[in-house]
Amino acid sequence: MEYISYSFILFVVAGLVLYALLPKLYGRYVLLLGSLLFVWLSGGALSLVFLCEAIAISFFGAWLIEKAVSPGVRRVLFITVLMFLLFSLFYFKYQNFPEYTKQLIYYLRGMEYEPELVEREAPLGISFYTLMLISYVADVYRRACRPEASLAGFALYGSYFGHIVQGPMDAYEDVGKQLSKEGGIRYQDLCDGALLLSIGLFKKLVISERLNIFVNSVFADQYSWHWTILLLGAAAFSLQLYTDFSGCMDIVSGVSRMFGIRLSLNFRQPFFSQSISEFWRRWHITLGAFFRKYIYIPLGGNRKGSLRKLLN
C-alpha cells in the first residue's frame, strides 16, 4: 500500500469513520491497529515482526533504565538497547557499505573491483522508526522524559502509519503524547487536513510526476542534448526531488491533521535559503535535529576546539 493509491484513500476513510463512531477512549487503538495493518500490507509479515520486536525492546528497555539505581547499570542497559537497534538497522540497510567502500578505494587507486553485494530486503520504515526509538530511549536515559506507561501508546508512536515510511522523525515528547490521547474528529481539523492533503497531491502528481517525464527523457540520452537542456534538466530534477519529498510530507501531515494529530514540520522552503547551512536546516528538519541533538552535541559539538568540531 502506497500513499498515492486508491487503497490508501480507502484505508484513511475507513479509519476516520471508525475514529468518529467509536468512543473516544478507543481512538488510539483504532490508529494502532490501522498502523500495524498498514505495515503488514505495505511491507509484509517480516516488516511487522521486526517492528514489534524493536518496539518491545525499546519499551521494556526504557523501563529497566528508569528503574535502575546504579549509573553503571543504566549505562549498560542503554548501550545494550542502542546496540540492538543499530545492529538491526545496519544488518538490513547498510550490509553492503564495506563493499562499496572497498570499491571506492580501488577506484581512487585506478583499479577495478567488483563488489560482492548481499541482496537483503529491509523491513518497511526501519530507518525512521529505529532513529525515533533511539531518541526515546536516549531521552529516558538522560532523564529528559519519563517512560511511557502504556505499551499500546508507545507502540502507536513507533508504528504510526503517518511517519513510518518517509518521516518526519518526531520526538516522543512532540507527538507521542498526542497519539496517546483520546480520539475524536473535529470539523476544523478535517478541513485543514483536507487542504494540506490536496496541496501534497498537487505537488506529487501534478508537478513531480510531470517533471519526472522530462528529467528521464533528458538523462536517458544526455549526449544528444544541448548543454542548456542538460542544465534545465538538472534544475528540473532538483525541483522534482523537492516536490516529491515535500508532497509526501504534506500528504501524511494532512491525513494526520484529520485525526487531530500535528506532525513536526519537515520542510521549510529550503530553496529560499541564503546559505548551504541554512538549506540543510530547512531540508528534512527532523533528521537534522536528530543528528544535532543526539550525536553532534553529545560528542561535544563546537565546544572543544576547531579540530574536534570538524571531527564531530
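Residues numbered from 1 in each chain as written. Predicted model: local features only at pLDDT ≥ 70, side-chain atom pairs only at ≥ 80, totals over all residues. Heavy atoms only, no water.

### Observations concerning the packing of aromatic side chains
Then comes step 1: A complete count under the given rule lists 34 aromatic pairs for this structure.
Then comes step 2: Between F271 and F279, the ring centres sit 6.2 Å apart and the planes meet at 10 degrees, which makes this aromatic pair stacked.
Then comes step 3: Judged by centre distance (5.6 Å) and plane angle (25 degrees), the rings of F279 and W283 are stacked. Neither residue differs from the other here; F279 and W283 are each classed as buried. (Phe/Tyr/Trp six-rings, centres within 6.5 Å; stacked < 30°, edge-to-face > 60°. Buried < 20%, exposed > 50% of the residue type's maximum accessible area, 1.4 Å probe, protein only.)

### Thoughts on empty space enclosed by the protein
Then comes step 1: Under the criterion given, the structure shown has one cavity of 30 Å³ or more.
Then comes step 2: Lining the largest cavity are F50, E53, A54, F84, L85, S88, I126, Y129 and T130.
Then comes step 3: When contributions to the lining of the largest cavity are tallied by element, the ones reaching two or more residues are helix 3 (45–67), helix 4 (71–93) and helix 6 (126–141).
Then comes step 4: Classifying every residue of the lining of the largest cavity gives six nonpolar, two polar and one charged. (1 Å grid on protein atoms, 1.4 Å probe; cavity = no way out; pocket = protein on both sides within 12 Å on 5 of 7 lines; lining within 4 Å. Points joined across faces, edges and corners; volume = space filled by probe spheres on them. Helix = DSSP H or I, 4+ residues; strand = E, 2+ residues; numbered from the N terminus. Nonpolar A, V, L, I, M, F, W, Y, C, P; charged D, E, K, R; others polar.)

### Description of the environment of F161
Then comes step 1: With respect to the element layout, F161 can be found in the loop between helix 7 (151–159) and helix 8 (172–180).
Then comes step 2: On the basis of relative accessibility, which here comes to 3%, the residue F161 falls in the buried class.
Then comes step 3: In sequence terms F161 and S256 are 95 residues apart; their C-alpha atoms lie 9.2 Å from each other.
Then comes step 4: When sequence neighbours within four positions are dropped, the list of residues in contact with F161 reads Y3, F8, F11, L31, S35, F38, V255 and F259. (Contact = heavy atoms within 4.5 Å.)

### Some points on the layout of surface pockets
Rolled over the atoms, a probe as big as a water molecule pinpoints where empty space is left.
Then comes step 1: In this structure, the largest pocket spans a volume of roughly 570 Å³.
Then comes step 2: Broken down by secondary-structure element, the contributors of at least two residues to the lining of the largest pocket are helix 4, helix 6 and helix 12 (285–296).
Then comes step 3: Take the lining of the largest pocket: its biggest share by element is six residues, from helix 4.
Then comes step 4: For the second largest pocket, the calculated volume is near 350 Å³.
Then comes step 5: Looking at the lining of the second largest pocket, the elements that each hand over two or more residues are helix 11 (276–282) and helix 12.
Then comes step 6: Split by residue class, the lining of the second largest pocket holds four nonpolar, three polar and two charged.

### Digging into the pattern of salt bridges
Then comes step 1: Inspection of the entire model under this criterion finds ten salt bridges.
Then comes step 2: Across the pair R146 and E66 runs a salt bridge, and its minimum N-O distance is 3.2 Å. One end of the pair, R146, is in the loop between helix 6 and helix 7; the other, E66, is in helix 3, and 80 residues separate them in sequence.
Then comes step 3: We classify R146 as exposed; its relative accessible area is 56%.
Then comes step 4: By relative accessible area, which is 18% here, E66 ends up buried.
Then comes step 5: In this structure, a network of salt bridges that share partners links the residues R186, D189 and R262. (Salt bridge = Lys/Arg side-chain N within 4 Å of Asp/Glu carboxyl O.)

### Notes on the side chain of D244
Then comes step 1: Looking at the secondary structure, you find D244 in helix 10 (residues 227–258).
Then comes step 2: Residue classification places D244 among the buried residues on the basis of a relative accessible area of 18%.
Then comes step 3: Among the polar contacts made by the side chain of D244, one reaches the side chain of K204 at a distance of 2.2 Å.
Then comes step 4: When neighbours within four sequence positions are excluded, D244 is seen to be in contact with K204 and S208. (Polar contact = N/O pair within 3.5 Å; in protein donor to acceptor, adjacent residues only side chain to side chain.)

### Remarks on the confidence of the model for the chain
Then comes step 1: Taken as a whole, the chain shows an average pLDDT of 88; of its residues, 100% reach a score of 70 or greater.
Then comes step 2: Mean pLDDT in the chain bottoms out at helix 8, which sits at 80, and peaks at helix 3, which reaches 93. (pLDDT = per-residue confidence, 0-100.)

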